[in-house]
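The residues making up each chain are set out below.
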Amino acid sequence: MIDLHVHTTASDGQYTPTQIIQAAAEKEFKAIAITDHDTLAGIPEAKEAAKQFNVNFIPGIEININTNRGEFHLLGLGIKETSSSMQTVIDNLIQNRNNRNLQMIEKMQADGLDICMEDFEKVFPNTVIGRPHIAQMLVRKGIVKTSQQAFDKYLAQGRKYFVQRAGTNLDEAIMAIRDSGGVPVLAHPMSLYLSWGKLPDILQNYYERGIAGLEAYHPGARRSECARLEELGKKIGYFITAASDFHGEKVRADRKLGYTVDKRKIDDRFYFEELLPHLK
């Protein structure tokens, strides 16, 4: 079993990097990647834990890319160092996130909700704050009963306190990943919200610009879509990966470490036959 897309408390995950690595060791994973949103902050801790528990660890990141529709997330797998270009991308993304968080909080304060940025600094120190943290804070404050209710009522796209997130330029992100010794992989392509008629040309364009891998298997897609993505990706020239996009049971109860679409175990081939030959 493996997993090539996992989040920790360094971004919006439930478990620390050490806890994720320990869980991978207990389940006898052949490989695991930590890919927190817009940060590499959890990597040093994960590396130390991987040595302690003798786990094959792949340092990674998930970068938010500017797009006109849907969500465009780019994984960087096999990161070896934080290049200057990567640091610039991360700094800009975190600033964008902070600006967005402040705008959402200001909307809430205008409606009289008892919430401020200092609350997050106390409860979630050294963390890249995102909507899941805001949802948790709304629960802690008794404004909603569950995080899901927070999204449904306030934080989802089109809801009262939603603010569009700014990402980074695709070509800059690809360069930053390459400069850092990693390989770019398109995460959960169905989140781009593109029709099957448009997807082949778009994926061809991304491949020519330097994205090498395609995360065809993801719990947010249907099994038939995943198989179709693998076939299309292979035809273009991508290598194929699979993942759980695990955040923790309290964040996403429907996702389990080491399992992908239809609760299937992630096959080792996605690491040994697909990703590994592309890692430097």
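Everything in this summary refers to the structure shown in the same document. Residue numbers run consecutively from 1 along every chain, following the written order of its sequence. In keeping with the predicted nature of the model, local features appear solely for residues at pLDDT of at least 70, side-chain atom pairs appear and are counted solely at 80 or more, and the whole-chain, interface and lining totals rest on all residues. Remark: hydrogens and water are excluded; side-chain values derive from all non-hydrogen atoms of the structure.

### Points about the overall build of the chain
A helix here means a DSSP run of H or I that spans at least four residues, while a strand means a run of E at least two residues long, and both kinds are numbered starting from the N terminus. In terms of helices and strands, the chain carries 10 helices and seven strands. Judged by the C-alpha coordinates and their principal axes, the chain covers about 55 × 45 × 40 Å. Buried residues are those whose accessible area, probed at 1.4 Å on protein chains only, stays under 20% of the maximum for their type, while exposed residues exceed 50% and partly exposed ones sit between those limits. When the 280 residues of the chain are sorted by exposure, 54% land in the buried category. When contacts within the chain are restricted to residue pairs at least 6 apart in sequence, those whose partners lie at least 24 apart make up 72%. Calculation of accessible area relied on Shrake-Rupley with a 1.4 Å probe; when residues are assessed, cover is drawn exclusively from the protein chains displayed. Here the chain has roughly 13,000 Å² of accessible surface; of this, 45% comes from carbon and sulfur atoms. Counted as positive: Lys and Arg. Counted as negative: Asp and Glu. His and the chain ends are not counted at all. A charged residue contributes its charge at one atom only: NZ of Lys, CZ of Arg, CG of Asp or CD of Glu. Of note, the chain has its 35 positive side-chain charges centred 5 Å away from the centre of its 36 negative side-chain charges. By the convention used here, residues are in contact when the closest approach between their heavy atoms is within 4.5 Å.

### Focus on a positive patch on the surface
A contiguous patch of positive charge, built from K27, K256, K263 and K265, is present on the exposed surface. Of note, K256 is situated in the loop between β7 (239–242) and α10 (269–275). Two distance rules govern patches: like charges are joined within 9 Å, and nonpolar side chains (Val, Leu, Ile, Met, Phe, Trp, Tyr) within 5 Å, applied only to residues with over 30% relative accessible area and no salt bridge. Salt bridge, as used here, is a side-chain nitrogen of Lys or Arg placed within 4 Å of a carboxyl oxygen of Asp or Glu.

### Remarks on the nonpolar core
The term nonpolar core refers to a set of buried residues drawn from Ala, Val, Leu, Ile, Met, Phe, Trp, Tyr and Cys, joined through side-chain atoms within 4.5 Å. By size, the foremost hydrophobic cluster in this structure holds 69 residues, and its most contacted members are I21, I32, I63, M86, L203, Y206 and I211. Excluding its chain neighbours within four sequence positions, the residues that come into contact with I32 are D3, V6, I20, I21, A24, V55, N56, F57, I58 and L257. With 20 residues, the next largest nonpolar core counts M104, L113, A135 and V163 among its residues.

### Notes on the packing of helix α3 (residues 84–110) against helix α5 (residues 131–140)
Between N-to-C directions, angles cover 0 to 180 degrees, with each direction set by a line fitted to C-alpha atoms, over the stretch in contact for helices. Put simply, α3 and α5 touch, their axes get as near as 11 Å, and they point 30° apart. As summarised for this structure, α3 and α5 are arranged roughly parallel, according to the angle between their axes. For the element pair α3 and α5, the recorded crossing hand is right-handed. For the pair α3 and α5, contact is made by R100, N101, M104 and M108 and by R131, I134 and L138, respectively. The residue classification treats Ala, Val, Leu, Ile, Met, Phe, Trp, Tyr, Cys and Pro as nonpolar and Asp, Glu, Lys and Arg as charged. All others, Gly included, are polar. Of the residues belonging to the contact of α3 with α5, the class tally is four nonpolar, one polar and two charged. Here is the rule for angles: anything less than 35 degrees is roughly parallel, anything more than 145 is roughly antiparallel, 65 through 115 is roughly perpendicular, and the remaining ranges are oblique. Put simply, a crossing is left-handed when the front helix is turned counterclockwise from the back one by less than a right angle, and right-handed when it is turned clockwise.

### Points about the layout of surface pockets
Unoccupied space between atoms shows up once a probe the size of one water molecule is rolled over them. Cavities and pockets were defined on a 1 Å grid built from protein atoms only: a cavity is a group of points that admits a 1.4 Å probe but offers it no way out, a pocket is an open group of points flanked by protein on both sides within 12 Å along at least five of seven lines, and a lining residue is one with an atom within 4 Å of any such point. Grid points are joined across faces, edges and corners, and a volume is the space filled by probe spheres set on the points. The calculated volume of the second largest pocket comes to roughly 180 Å³. As for the second largest pocket, its lining consists of Y15, Q19, I20, A23, K27, F246, E249, K256 and L257. Grouping the amino acids of the lining of the second largest pocket by side-chain chemistry returns five nonpolar, one polar and three charged.

### What about the side chain of R100?
Mapped onto the fold, R100 is located in helix α3. Within the buried core, R100 has no salt-bridge partner, and the shortest N-O distance to an opposite charge, that of E71, equals 6.9 Å. Setting aside residues up to four positions removed in sequence, R100 forms contacts with R131, F162, V163, Q164 and R165.

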